[in-house]
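# Chain and residue survey
Chain by chain, the residues run as shown.
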Amino acid sequence: MNEIFAGLIEAVRLIAGGDSELFEIIALSLRVSGIALLISTASGAPIGVALGLTRTRAHGLITALLYTGMGLPPVVVGLFVYLMLSRSGPLGWLGWLFTPNAMIVAQTIIAWPLVTGLTMTAVRAVDPALRVQVRALGATMLQELWAVVCEARIGVVAAIVAAFGGIISEVGAVMLVGGNIAGKTRVLTTAIVLNTRQGEFTLAIALGIILLALTFAANVVLLRLQGNR
Amino acid sequence: MNTIRTYSRPIVPVLGLALLAIWLAGCTAGQALASPRLAVAPTGSASAAAASDVLRIATTTSTADSGLLDALLPHFVEVCGCQVEYIAVGSGQAIEVGRRGDADVLLVHSPAAEEKFVADGLARTRFDAMFNDFVLVGPRADPAHIAGLGTASEALQAIMTAGAAFASRGDRSGTHMKELEVWATLAVTPTRELPWYHALGQGMGDTLLFADEQRAYALADRGTYLAMRAKLPGLTILVGGNSPAENRDPALINRYSIITLAPERFPSTNDDLAERFVAWFLAEETQQRIAAFGMAKFGQPLFYPARSAEAMP
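Residues numbered from 1 in each chain as written. Chains lettered and ligands numbered in written order. Predicted model: local features only at pLDDT ≥ 70, side-chain atom pairs only at ≥ 80, totals over all residues.

This part covers the overall build of chain B. From N to C terminus, chain B includes twelve helices and ten strands. Buried residues in chain B amount to 45% of all 313 residues. The long-range share in chain B, meaning contacts at least 24 apart out of those at least 6 apart in sequence, stands at 73%. (Helix = DSSP H or I, 4+ residues; strand = E, 2+ residues; numbered from the N terminus. Buried ≥ 20, exposed ≤ 12 C-beta atoms within 10 Å, placed from the backbone. Contact = placed C-beta atoms within 7 Å.)

Time to look at the overall build of chain A. If you tally the helices and strands in chain A, you get eleven helices and zero strands. In sequence order, chain A lays out its α and β elements as α-α-α-α-α-α-α-α-α-α-α. Reported as C-alpha extents along the three principal axes, the dimensions of chain A are approximately 65 × 50 × 25 Å. The 229 residues of chain A split such that 49% are buried. Restricting to contacts in chain A with at least 6 residues of sequence separation, those with at least 24 account for 77%.

Right, let's talk about the pairing of strand β3 (residues 105-108) of chain B for a bit. Looking along a regular strand, one sees the side chains alternate between the two faces of the sheet. Residue and element names in this part refer to chain B. Burial along β3 is two-sided: the face carrying Val105 and Leu107 and the face carrying Leu106 and Val108 are both buried. Here strand β1 (residues 54-59) runs beside β3; their pairing, made up of three bridges, is parallel. Note that in β3 the partner of Ile57 across the bridge is Val105. Across four bridges, the pairing between β3 and strand β9 (residues 253-261) is antiparallel. Paired with Val108 across the two strands is Ser257, which belongs to β9. (Pairing = 2+ DSSP bridges.)

So, on to helix α11 (residues 201-226) of chain A. An α-helical turn contains 3.6 residues, so any two residues separated by three or four positions project in the same direction. Look at α11 of chain A: 37 Å from first C-alpha to last across 26 residues, which is about the 38 Å you get at 1.5 Å a residue. For α11 of chain A, the complete set of buried residues consists of Leu203, Ala204, Ile205, Ala206, Leu207, Gly208, Ile210, Leu211, Ala218, Leu222 and Gln226 of chain A. (Expected span 1.5 Å × (residues − 1).)

Turning our attention to unusual backbone geometry. Residues and elements named next belong to chain B. Backbone geometry places His145, a non-glycine residue, at a positive phi of 55 degrees. Judged by local crowding, His145 falls into the partly exposed class, with 15 C-beta atoms found within 10 Å. For Arg215, which is not glycine, the phi dihedral falls at a positive 55 degrees. One can find Arg215 in the loop between α8 (204-214) and β7 (217-221).

Right, let's talk about the nonpolar core for a bit. Ala106 and Val177 of chain A together with Val105 of chain B are the most contacted members of the largest nonpolar core, which totals 151 residues. The leading source of residues in this core is helix α5 (residues 100-124) of chain A, at 15 residues. When residues of this core are sorted by domain, at least three fall in each of domain 1 (51-132 + 255-311) and domain 2 (134-252) of chain B. Residues in contact with Val177 of chain A, not counting those within four places in the same chain, are Gly78, Val81, Tyr82, Leu85, Leu97, Ala102, Met103 and Ala106 of chain A. (Core = buried A, V, L, I, M, F, W, Y, C linked by C-beta atoms within 7 Å. Domains from an automatic or database assignment.)

Here we come to the domain arrangement of chain B. One widely used convention gives an interface's size as the accessible area the parts lose upon coming together. Residue and element names in this part refer to chain B. Under the domain assignment, chain B is made up of domain 1 (51-132 + 255-311) and domain 2 (134-252). If you average the C-alpha positions of domain 1 and of domain 2, the two centres end up 25 Å apart. In this assembly, 20 residues from domain 1 lie in contact with 16 residues from domain 2. Those elements that place two or more of their residues in the side of domain 1 that touches domain 2 are α2 (61-65), α4 (91-99) and α5 (111-119). Counting residues per element, the side of domain 1 that touches domain 2 draws most heavily on α2, at three residues. For the side of domain 1 that touches domain 2, the residue count by class is seven nonpolar, twelve polar and one charged. (Nonpolar A, V, L, I, M, F, W, Y, C, P; charged D, E, K, R; others polar.)

All names here are of chain B. Relative to the assigned elements, Phe210 resides in helix α8. It is 16 Å that separates the C-alpha atoms of Phe210 and Ile237, two residues lying 27 residues apart in sequence. In contact with Phe210, not counting residues within four places along its chain, are Ala167, Leu200 and Ala216.

This part covers the pairing of β1 of chain B. All names here are of chain B. Taken across its six residues, β1 has six buried, putting it largely inside the fold. Residues of β1 alternate between two faces, with Val54, Arg56 and Ala58 on one and Leu55, Ile57 and Thr59 on the opposite face, all of them buried. Sheet topology places β1 next to strand β2 (residues 83-88); six bridges connect them, and they run parallel. Across the sheet, residue Val54 finds its bridge partner in β2, namely Gln83.

In this section: the environment of Val177 of chain A. Inspection of the secondary structure puts Val177 of chain A in helix α9 (residues 172-178). Considering only alpha carbons, one finds Val177 of chain A and Gly78 of chain A, 99 residues apart in sequence, at a separation of 6.1 Å.

Before going further, it helps to spend a moment on the packing of helix α4 (residues 74-85) of chain A against α5 of chain A. Residues and elements named next belong to chain A. Between α4 and α5, whose axes approach to 9 Å, the crossing angle comes to 135 degrees. Our classification of the angle between α4 and α5 gives oblique. The handedness of the crossing between α4 and α5 is right-handed. Here α4 contributes Pro74, Val77, Gly78, Val81 and Leu85 to the contact with α5, which in turn contributes Ala102, Val105, Ala106, Ile109 and Ile110. Of the residues assigned to the contact of α4 with α5, the class counts are nine nonpolar, one polar and no charged. (Axes fitted to C-alpha atoms, helices over the stretch in contact; angles between N-to-C directions. Parallel < 35°, antiparallel > 145°, perpendicular 65-115°, else oblique. Left-handed = near helix turned anticlockwise from the far one by under 90°.)

Next up on the list: the packing of helix α6 (residues 128-136) of chain A against helix α7 (residues 141-151) of chain A. Two packed helices can be described by the angle between their axes and the distance between those axes. All names here are of chain A. Running from N to C, α6 and α7 point in directions that differ by 140 degrees, and their axes come no closer than 9 Å. The orientation of α6 with respect to α7, classified from their angle, is oblique. Like other packed secondary-structure pairs, α6 and α7 cross with a definite hand, here right-handed. Counted together, Leu130, Arg131, Val134 and Arg135 of α6 and Gln143, Glu144, Ala147, Val148 and Glu151 of α7 form the full contact between these two elements. Taken together, the residues of the contact of α6 with α7 sort by class into four nonpolar, one polar and four charged.

All names here are of chain B. Residue placement: Ala220 occurs in strand β7. Between the C-alpha atom of Ala220 and that of Leu20, which follows or precedes it by 200 residues, the distance is 52 Å. Residues contacting Ala220, with those up to four places away along its chain left out, are Phe134, Val135, Val137, Thr175, Met204, Leu208 and Tyr225.

All names here are of chain B. Averaged over all residues, the pLDDT of chain B equals 85, while 85% of them reach at least 70. Note on residues 1-8: pLDDT under 50 across the span, and 26 contacts to partners over four residues away in sequence or across chains. Considering only residues more than four positions removed or in separate chains, one finds that residues 30-50, a stretch of pLDDT under 50, has 42 contacts. (pLDDT = per-residue confidence, 0-100.)

Right, dumping it as structure tokens:
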């Protein structure tokens, strides 16, 4: 138990002391997860909207696939990305294994089904009457689409929040494909594992508290954008 | 830090956040004028430095966890004017990283696996890099009465006979391979069915923490044990003495090798830099730094120069 209180104090001390290594780790965590989230959102949200608005025969299958994707074990994603990006793998020429790019790829694969699937669900939950109503008011196709997407925004932001929470706190994939290289690919979660492995529980707890605080802050920002004050 | 910082640009996420904010603001203002805005996918480029000036080492956890590499590498970075990265995993995994061509140099301690790596034609060079030794640690109460036994083989026999808890790395690391070697001298292959045998599948630090918690015996490299001793109040060295000189079992010597990859098998390997690294590592000056590392903190070295290995029992 003492470790937890000591960890709390250590967390404050690290932040206040402006530990440059810590800020490097935090910056990399945010950068990797932020870019992965951006790619997933930019590519997944429009597809989620499209899937939410259309009804095809393959719909049940697509939904099942997306929902399965939401449950992908990160370590399996990591293993897959590892084998793809390894020098002996098909994408080895990129030289991305053990770099932040590999971590971004892995986290994008983890976040994409979350963003896409939850956006689809949110759009599908919009009252179909809205579209009829907007169209009756003389809206163009684009304006109609815009109205539906805006109506679903709470769900879309929830999708982004869920995906962010999923990848910033993920360790299995980034450990495998990043290699936890000091100053290069070490993020908060892998630093926590490393310190735990070395018995540095106080520091591990401190990093855990910082990670929690960071996730909380990110969620507050996203939710504020959504308009839930 | 042994690496040059290159990642400190949160610009892309901030930009994404801004786009998201614009969209949501557009929504709340109730304006359906603009066409749907799609965030532009970023390039995701990480401005990786040119591959030719980055040396990547795959190594066992003990060289990293003990702090040795962080103490040594800045000097090499200075003389070579390059960047050095290391990935610290078990020796088995490190050799696998090499087998796939994902590192330039291996610093490992798993002789049988290394010999196979060389025999498979994957290595260009392999040298003795340094050494230390393994010790058997266990609970101070010593339920199997192994304290004072001369060899690990006798000690494992006693632990097995007593059915006392034993924590194994179980991860095909160099330490795990050494442990299996000692079991083999007893014609024993420990299996998960044995209630006292715990194959953890974890690193040295985790295994020692487990042994401390569960009052179990474990085979550990002396360096990692010494580095973590303060966190392991329940454990003590029972076989292997207080320094390698006191270790009476020649089977417990722990040799680290430094291996470079064969460029003909791995065209992308950074072989120039790898050769320079090996030359630097084996140079007298670096070997003296290795011998000096840990003296101040532990009163004895954690690793010994390769050349003095012959002096071992």
